[in-house]
Amino acid sequence: MRRLKSARQRPLLVLGTIATSSLALSGCAGEPPGEVLFTNAQQCIEAGMSQEVCQAGYQDAVQAHIEGAPRFDGLAACEAEYGVDQCTVAPAGATGGGGSFFMPFLAGYVMSSAIGNLTDYSNYRRQRQAEGYGYGSTPIYRNRAGQTLTPTFGGGANTSVVAPGRQTMQPVNVNTRTVARQGFGGRSTSFGFGG
Amino acid sequence: MERTTLPARPDWRDKAREVGFGFHEMYGEPYWVDDAAYTFTLEELETRIEAPSQELHEMCMDLVDDIVGNEQYLDRLAIPSELRDVVQRSWERGDLHLYGRFDLAYDGTGDAKLLEYNADTPTSVFETGYFQFNWMTDQVERGALPADTDQYNLLQESLVEAFGEFPHDPIFHFAAMLDNEEDRGTTVYLMDCAVQAGHRVELLDISQIGVDAQGRFTDLRDRVIDQCFKLYPWEFMLREPFSRQLVPSGDVFVEPAWKAILSNKGLLPLLWERHPNHPNLLPAFFAGDTRAGELSEFVRKPLLSREGENVTIVRGGEEIASAPGTYGEEGYIVQGYAPLFRSEFGYAVLGSWVVGDRACALGVREDQSPITANLSRFVPHVILG
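Predicted model only: the values in this text are computed from it and were never measured. (Residues numbered from 1 in each chain as written. Chains lettered and ligands numbered in written order. Predicted model: local features only at pLDDT ≥ 70, side-chain atom pairs only at ≥ 80, totals over all residues. Heavy atoms only, no water.)

### Regarding the state of the cysteines
As used in these notes, a disulfide is a covalent bond between sulfur atoms, one from each of two cysteines. Applying the stated criterion across every chain, the model contains two disulfides over all chains. Linked covalently through their sulfurs, C44 of chain A and C54 of chain A form a disulfide whose S-S length is 1.9 Å. Between C44 of chain A and C54 of chain A, the S-S dihedral sits near -75°, and the bridge is therefore left-handed. You can see C44 of chain A sitting in helix α2 (residues 41-46) and its partner C54 of chain A sitting in helix α3 (residues 51-68), a full ten residues away along the chain. The two residues C44 of chain A and C54 of chain A agree in class, both being buried. C78 of chain A shares a disulfide with C87 of chain A; S-S distance 2.1 Å. Across the S-S bond linking C78 of chain A and C87 of chain A, the dihedral sits near -85°, which makes this disulfide left-handed. In this pair, the class of C78 of chain A matches that of C87 of chain A, namely buried. Along chain A, the cysteines that take part in disulfide bonds pair up as 1-2, 3-4, counted in sequence order. The thiol of C193 of chain B is unpaired, and the distance to the nearest cysteine sulfur, on C360 of chain B, comes to 11 Å. (Disulfide = S-S within 2.5 Å. Helix = DSSP H or I, 4+ residues; strand = E, 2+ residues; numbered from the N terminus. Buried < 20%, exposed > 50% of the residue type's maximum accessible area, 1.4 Å probe, protein only.)

In structure tokens form, the structure reads like this:
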């Protein structure tokens, strides 16, 4: 039998179509969907998202937090990273080990504002799980400097969440202040740049 | 390789509209061809296109390693000296790349010849990976093509897989010139592939990229951009005033800065120098090289040029075609002439895709002129037999 050079089954465009998603995401039609950070489910509900989605997202974040929060073998080490009174004893468990470990408090969770209902959320969670992330929403932490941190989960679809060490906590997309714009694009023409 | 005609799908314009493929007509000319196909046999496709593309990519990657630390080569490629660190750093860090497209001349006989490597901002990715594939499955379903018809097309799944290799923690920003429909459509399609690979994404215009006091790139919500696909050429980025920001933060881009080496037509003489008489290469020299004068049939191309601009074809001492344009100040190369596949519908150039480091798909473009430009048409292909 000859080797196939194309897939028989191909996933569709998940963003729907390149037309609607361009509209939705280019900012022409109001606020584009993006990642939204909530400190708790109530804040999420007040932001106008569905109550079920907010609660499911929060529960997932808590679960991910319990299993995957950064752990320190002393309170001082944890507080050095996350600040005084920002750490607690980690529950003993599969990933926490038997001794006494400390972990920072959950500062909140991040979800996509594009999620409208529980079905969307379930799809989102399934997608994340398929990618090996395990949970729908992402727990976040704040370090002493106030930077937002998200844990790095390892492994593929069938591995459990790995408790990240402190070195794997990287600040990403930190908030800052823009001092200049309109940098690139000066050589633009009405034609595209496809080669 | 042959060109065949078959009935167009009666509803193909609706299908194009449904998926937002607005650029099936561009600049007032038809772009997508629904009632024709280029046909290949499996053996022809594997031995003449797929295997050589894989080999060419590997030769190119070896060459980057040679060029990136060599000031003389970087001079020849007109890489600005103050930004060579950015290019070198991205290579030494092993910054991941996403995709590239070889343009090949192949007239149905002999070896396919490399015309150039669009390794930085290749387009026609949506047409190749998505619309061409749906065209084939529709035509098979309609009975216009046999049930065992195949296509050399693992582009979409390869893109999803390649996006999966990039870090998932930061938002994957996507920057392009959003007022250009083709560029926007291409970028949004790639963004869709990134979403399928589990990324959070955000789209912005290339001119909307900001910078903070520490020199980090920022988005419209004042967040630091940690990872950014850009459909905007490195040769422009390296030459704009904002390029000074690349020194502290230029590592966030996909394609990475080292792609500036491969998307430069100076690659062609360097490849020829290293692999003389390779069956898939054409003799190529920097303009001014005495060996260039020995070519009786040749094509003169600027080091940096897009959409066929400033390209001249000379055969038998006569200029048979030339395209106007605004490129050329960085210099030219001269490349031996290779005949393209030709039919009553025009000349065809093969676009052979590499995603990650794997050759994976084909798209064919056709033009009335032997210089393929932005008014060329996209014609789907199939494997029969």
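Next comes the rest of the write-up.
### A closer look at the sheet that holds strand β16 (residues 318-322) of chain B
Residue and element names in this part refer to chain B. Taken in spatial order, the five strands make up an open sheet running β13-β17-β14-β15-β16, and their pairing is antiparallel. Each edge of the open sheet carries a strand with a single partner, namely β13 (284-286) and β16. Going from strand to strand, the sheet's axes swing by 25° on average, the running direction of each strand aside. Pairing analysis gives three bridges linking strand β14 (residues 298-302) to strand β15 (residues 312-315), with the strands arranged antiparallel. From the neighbouring strand, R300 faces β15, where its bridge partner is T312. Helix α11 (residues 267-274) rests against β13 and β17 (332-336) of the sheet, and its axis sits at about 120° to β13. (Pairing = 2+ DSSP bridges. Axes fitted to C-alpha atoms, helices over the stretch in contact; angles between N-to-C directions. Contact = heavy atoms within 4.5 Å.)

### Observations regarding the environment of L350 of chain B
All names here are of chain B. Inspection of the secondary structure assignment puts L350 in strand β19 (residues 346-355). Judged by its relative accessible area of 0%, L350 falls in the buried class. As a C-alpha pair, L350 and G94 span 256 residues in sequence and 29 Å in three-dimensional space. In this structure, L350 is in contact with M1, F40, I49, F102, D103, L104, Y106, L362, G363 and V364, ignoring residues within four places of it in sequence.

### Let's talk about the pattern of salt bridges
Side-chain pairs of opposite charge can arise whenever the charged atoms involved come near each other. Applying the stated criterion to the full structure yields 26 salt bridges over all chains. Of the charged contacts, one joins E46 of chain B and K5 of chain A as a salt bridge, the two residues approaching to 3.2 Å between their closest N and O atoms. Placement of E46 of chain B in helix α2 (residues 42-68) and of K5 of chain A in the segment before α1 (18-25) is noted, with the two residues assigned to different chains. A salt bridge links R239 of chain B to E330 of chain B, with the shortest nitrogen-to-oxygen separation between them at 3.5 Å. Note that R239 of chain B is positioned in the loop between α8 (234-237) and α9 (246-249) and E330 of chain B in the loop between β16 and β17, a separation of 91 residues in sequence. Connected via shared salt-bridge partners are R9, K15, D34 and D138 of chain B. (Salt bridge = Lys/Arg side-chain N within 4 Å of Asp/Glu carboxyl O.)

### Remarks on the confidence of the model for chain B
Taken as a whole, chain B shows an average pLDDT of 93; of its residues, 100% reach a score of 70 or greater. Both scores are available for the predicted complex, with the pTM at 0.76 and the ipTM at 0.77. (pLDDT = per-residue confidence, 0-100.)

### Points about the sheet that holds strand β12 (residues 253-254) of chain B
Residues and elements named next belong to chain B. As summarised here, the arrangement of the four strands in space is β8-β7-β11-β12, forming an open sheet in which the pairing is parallel. The sheet terminates laterally at β8 (201-205) and β12, the two strands that pair on one side only. One ladder, built from two bridges, connects strand β11 (residues 228-230) with β12; its direction is parallel. For F229, the partnering residue across the bridge sits in β12 and is V254.

### A few points about the side chain of E182 of chain B
Residue and element names in this part refer to chain B. Checked against the element boundaries, E182 lands in helix α7 (residues 181-196). Buried and unpaired, E182 has no salt bridge, with R365 as the nearest side chain of opposite charge at 6.3 Å. If we skip the residues at most four places from it in the chain, E182 touches F23, M26, Y27, T123 and E127. (Lys, Arg positive; Asp, Glu negative; His and termini not counted.)

### Examining helix α5 (residues 125-141) of chain B
All names here are of chain B. Helix length check: α5 (17 residues) gives 24 Å between terminal C-alpha atoms against 24 Å at 1.5 Å per residue, within 8%. The largest bend in α5 is about 35°, located at F131. Of all the 17 residues making up α5, 13 are buried; the element is thus mostly covered by neighbouring parts of the structure. A positive backbone phi angle near 85° is found at G143, which sits one or two residues after α5. (Expected span 1.5 Å × (residues − 1). Bend = angle between axes of the 7 residues up to and from the residue.)

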